[in-house]
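Fold and geometry: a report
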Amino acid sequence: MADQLGSLTRTHSCGALRESDVGTEATLLGWVHRVRDLGSILFIDVRDRGGITQVVVDSEPLLSVAKRLRSEYVVGVTGTVGKRSSDTVNPKLPTGHVEVMASEIRVLNEAKTPPFPIADDTPVSEDVRLRYRYLDLRRPGLQHNLGLRHRVAMTVRRYFDEQGFWEIETPVLTKSTPEGARDYLVPSRVHPGQFFALPQSPQIFKQILMIGGMDRYFQIVKCFRDEDLRADRQPEFTQVDVEMSFARPETIFEMIEPLMQLAFREIDVNVDTPFRRVSYADAMAKYGSDKPDLRFGLEIVDVSDVWREASFNAFREIVGRGGVVRALVIPGAARYSRSELDALVDQAKQLGAVGILWARKAEGGAINTNVKAAGEATLSGSMAAAGASEQDLILLAAGEPDAASSLLGAFRLSLAKKENLIPADRYEFAWIVDFPLLEWAADEGRWSPMHHPFTSPLDEDFGLLESDPGKARAKAYDLVLNGSEVAGGSIRIHDAAVQKRIFQLLNISDEEARLRFGFFVDALEYGTPPHGGIAIGLDRLVAILAGESSIREVIAFPKTAAAVDLMSGAPSAVDPRQLRELKLRVAQ
Ligand code: ASP
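Because the structure is predicted, anything quoted here is derived from the model rather than measured. (Residues numbered from 1 in each chain as written. Predicted model: local features only at pLDDT ≥ 70, side-chain atom pairs only at ≥ 80, totals over all residues. Heavy atoms only, no water.)

**What to know about empty space enclosed by the protein**
Summed over the entire model, instances satisfying the criterion amount to 1 cavity of 30 Å³ or more. In this model, the largest cavity occupies a volume close to 30 Å³. Together, Leu-130, Arg-133, Phe-557, Pro-558, Asp-565 and Met-567 line the largest cavity. Looking at the lining of the largest cavity residue by residue, the class counts come to 4 nonpolar, no polar and 2 charged. (1 Å grid on protein atoms, 1.4 Å probe; cavity = no way out; pocket = protein on both sides within 12 Å on 5 of 7 lines; lining within 4 Å. Points joined across faces, edges and corners; volume = space filled by probe spheres on them. Nonpolar A, V, L, I, M, F, W, Y, C, P; charged D, E, K, R; others polar.)

Rendered as structure tokens:
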């Protein structure tokens, strides 16, 4: 049986003792990290969240107790702090100059042999780590990441408090909120056949808080989206949700930039403000993405003019129809082997492109390309227009502007990686602004909101709602960092008539609007202040700060890419009685 804790009280964490403590009495409570048994003397590394301390046992009866210890046993050790001799100092540990000479050891619990070692970071398959998350949490990686996450969350809370924001909770059992994903539904037992939806975000509630005069709101909040599975998505994730009354986009930018500076101080990185602003149109044209990685150049260049009169029909006709020819120059890549170049063309086909071609200068200035018919003159004209040198490779894509740039944008990223052009220790923030208000949902034959239906058009684009809605731009913005979207938001519509017009454009009938958002539209009519906000993806932000590529590394209990919790086994079947109570039957 395990010893009881009794009156044993921790005096120091396992990371706390220093030379100045030599001679004092200490009690450590933690796990056996490692045991080294040299026969008549035994060393135990005791570990807790704070660190590791070496404990020494060199006489009976304690030696017999200590010899029972195995990795991950839970112990309480009391003893006197001693100074290590200079040849036994461990410079890698902050406690490495001292050790505790044990006078009492209590075995507070035993442990089975863990399925993977806790004491080091040897790679373990993610499924096993997730199944035994309680053991994985003891390892250095997650201990570090969750500590960092805590400090970032505290920074967020302190910052917004200082800026006069109130943290206000919003309901988890609520009505569907329109963020464009599928809802998680919760059946109501009291009202059979009726359902709550888990919030995709607190969007409507935070706007109502502004109508309710709360002025400045924030919340660190879970959001739930039943989206199609993607590698780095979680069905539940955490946002720092923010809303401000009387805000313009600049008001939001100026509020968020210093917060990012504070967050990056946690990893000793200085971030310069203001962040650059890039319009959505520029981001798409130059980087082929609305979340461009700006740690490196490789901008896409429009060379359509070169092809306007070209003899190569395919590209000339595309330009003639209002399409474009765009170019990406990869510095030094003229050296690529033929198989590397073939692989690029294959990759383009996989990405769904038709018109991709490459060109480079061969010996003697001739042009070497995969599509001879494109013609030497236009190819070298394109190289000149795009600023390609003899050593460079140029990729050309033709098509609709966004499609051509998206394809080259994908190559921009993969080739920058291949060519080692991405500095790992740089953090390039940018605000992407002036997003289109709407996008055409071809499968549904209607407009859908690019952000969400409460986003305000730009003042100068209101007229376009009637004449050419697809051209209207929105007061919507994303904050991107190193190619990831870390935050997104907008200034909202605060005028009920405009809101109704947007619902019409989105083909949401009055009746549907009443059913889904009736309470919100009613609220808009009682003196709504102009307002706007943003939501920061906390998981992604902390992952970037921690240098992790997966958000699962900064979430205590994540689900797999298949939306399963391997530790608890959720989701799972429920007791038939529960289904009966809910008046639900599972269709076979
Ligand atoms: N509710 C939005 C989202 O979750 C953010 C916002 O507009 O503030 O993406």
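**Side note on the pairing of strand 21 (residues 484–491)**
Most of strand 21 sits inside the fold, with 7 of its 8 residues counted as buried. Bridge count between strand 20 (residues 476–481) and strand 21: 6 bridges; the pairing is antiparallel. Bridge pairing links Leu-479 to Ala-487 in strand 21. What sits between strand 20 and strand 21 in their antiparallel hairpin is a turn of 2 residues, with Asn-482 showing a positive phi close to 50°. Of the strand pairs in this sheet, strand 21 and strand 22 (residues 531–537) are connected by 5 bridges, and their pairing is antiparallel. Paired with Ile-491 across the two strands is Gly-532, which belongs to strand 22. (Buried < 20%, exposed > 50% of the residue type's maximum accessible area, 1.4 Å probe, protein only. Helix = DSSP H or I, 4+ residues; strand = E, 2+ residues; numbered from the N terminus. Pairing = 2+ DSSP bridges.)

**Thoughts on the layout of surface pockets**
In this structure, the second largest pocket encloses a volume near 420 Å³. Lining the second largest pocket are 19 residues; nearest its centre among them are Asp-48, Arg-49, Pro-140, Gln-143 and His-144. Secondary-structure elements contributing two or more residues to the lining of the second largest pocket are strand 2 (42–48), strand 3 (51–57) and helix 4 (140–162). Here the residues of the lining of the second largest pocket are counted per class, giving 7 nonpolar, 6 polar and 6 charged.

**Regarding the sheet that holds strand 4 (residues 74–83)**
The strand order 1-2-3-5-4 describes a closed barrel built from 5 strands, whose pairing is mixed. The sheet shows a mean angle of 55° between the axes of neighbouring strands, taken without regard to direction. (Axes fitted to C-alpha atoms, helices over the stretch in contact; angles between N-to-C directions.)

**With respect to the site of the ligand**
In the vicinity of the ligand, 14 residues are found, and the nearest of them are Glu-179, Gln-203, Lys-206, Gln-239 and Arg-492. Within the side chain of Ser-201, one N or O atom sits 3.2 Å away from a nitrogen atom of the ligand. Separating an oxygen atom of the ligand from a side-chain N or O atom of Arg-225 is a distance of 2.9 Å. Within the complex, the protein chains bury 92% of what would otherwise be the 270 Å² of accessible surface of the ligand. When contributions to the shell around the ligand are tallied by element, the ones reaching two or more residues are helix 5 (203–211), strand 21 and strand 22. Per element, the largest residue contribution to the shell around the ligand is 3 residues, and it comes from strand 22. Across the shell around the ligand, the residue classes tally to 2 nonpolar, 8 polar and 4 charged. (Near = heavy atom within 4 Å. Polar contact = N/O pair within 3.5 Å; in protein donor to acceptor, adjacent residues only side chain to side chain. Areas by Shrake-Rupley, 256 points an atom, 1.4 Å probe, with all protein chains shown as cover.)

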